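In case you want the letters, here they are:
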Amino acid sequence: MKVQEIVNTLGLTIAAGKSGLNREITGGYVSDLLSDVMGRASEGEVWITLQTHKNVMAIASLKELAAIIIVQGLKPDADLLKQAEGEEIPVLITDKSTFEITGLLFNLLK
Amino acid sequence: MQFEYKIQGGDFANAGTASSNVKKVLKQINVDAKIIKRIVVALYEAEINVCAHAFLGKVMVNITPEKIEIDVIDKGPGIQNIDLAMEEGFSTASPAVREMGFGAGMGLPNIKRNTDEMQIESEVNKGTSLRFVNYLISSI
């Protein structure tokens, strides 16, 4: 499944990184601990988090994640969004809680 | 090939610069993707450790056909008890650092898990020297 498809199905807002919408999704990872994501997430996963600072994109890029979903309508920092354009990794925003969006994404991907 | 990067304590916005550059270089010289991933995790964690705990640090990278050796040397408070610091979940990070999602006590264990050799020396109130090595020949 491509990132574009989860954007459409889950009604996500694209905050940055549009050029990465054709990235292929291999799974999902849910965590707000950056070292946990660094240590355990895998390439191609969608990362669901409430963290909004620039290091989120540094990790997404180093781990070659497919996209980031920021929950509860939180606003990502400007430098995160700027880097997302360069890295071509979509930053997606949802008003839903982590629990809700994770359940929906899980059902889509299973 | 040798590279050197500087890290300023507290400068989280630039954390990951060394790992990102090293990743590009290793890709260019066609190192196995699995090995690159391990090196990048270890180096990123090391960069974050300097940002979170030290005043100033430098990363020295030496790449040969057989291996990559990385030294991360900082001036800072040092580590009181290295055995404790190596334990998963132990952290002395500040509340501000924890709020960013760092400081979960996973950094040094992540480094150990993702490197072939790792040594750490520290002197309290002076600083910490971390050295790790990854072999570039893919195993099986």
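Structure: above.
Residues numbered from 1 in each chain as written. Chains lettered and ligands numbered in written order. Predicted model: local features only at pLDDT ≥ 70, side-chain atom pairs only at ≥ 80, totals over all residues. Heavy atoms only, no water.

## Thoughts on the overall build of chain A
Helix and strand content of chain A: five helices and five strands. Of the regular secondary structure in chain A, the N- to C-terminal order runs α-β-β-α-β-α-β-α-β-α. Here chain A has a C-alpha radius of gyration of 12 Å; the compact-globule value for 110 residues is 13 Å, and the two agree. C-alpha extents for chain A along the principal axes are approximately 30 × 25 × 25 Å. The 110 residues of chain A split such that 50% are buried. Looking at chain A alone, contacts between residues at least 24 apart form 49% of all its contacts between residues at least 6 apart. Carbon and sulfur atoms make up 51% of the accessible area of chain A, which amounts to about 4,800 Å² in all. (Helix = DSSP H or I, 4+ residues; strand = E, 2+ residues; numbered from the N terminus. Rg over C-alpha atoms; globule rule 2.2 N^0.38 Å. Buried < 20%, exposed > 50% of the residue type's maximum accessible area, 1.4 Å probe, protein only. Contact = heavy atoms within 4.5 Å. Areas by Shrake-Rupley, 256 points an atom, 1.4 Å probe, with all protein chains shown as cover.)

## What about the side chain of B:Asn110?
Examined against the element boundaries, B:Asn110 turns out to sit in helix H5 (residues 107-113). A distance of 3.0 Å separates the side chain of B:Asn110 from the backbone oxygen of A:Ser35, its partner in a polar contact. Ignoring any residue separated from it by four or fewer positions in sequence, one finds B:Asn110 in contact with A:Ser35, A:Gly39, B:Val41 and B:Glu45. (Polar contact = N/O pair within 3.5 Å; in protein donor to acceptor, adjacent residues only side chain to side chain.)

## Regarding the environment of A:Thr98
Residue and element names in this part refer to chain A. Tracing the backbone through its elements, the reader meets Thr-98 in helix H5 (residues 98-109). Classification of Thr-98 by relative accessible area gives partly exposed; the value is 21%. For the pair Thr-98 and Leu-34, spaced 64 residues apart in sequence, the C-alpha separation works out to 16 Å. Discounting residues that sit within four places of it in the chain, Thr-98 has contacts with Val-30, Ile-48 and Val-71.

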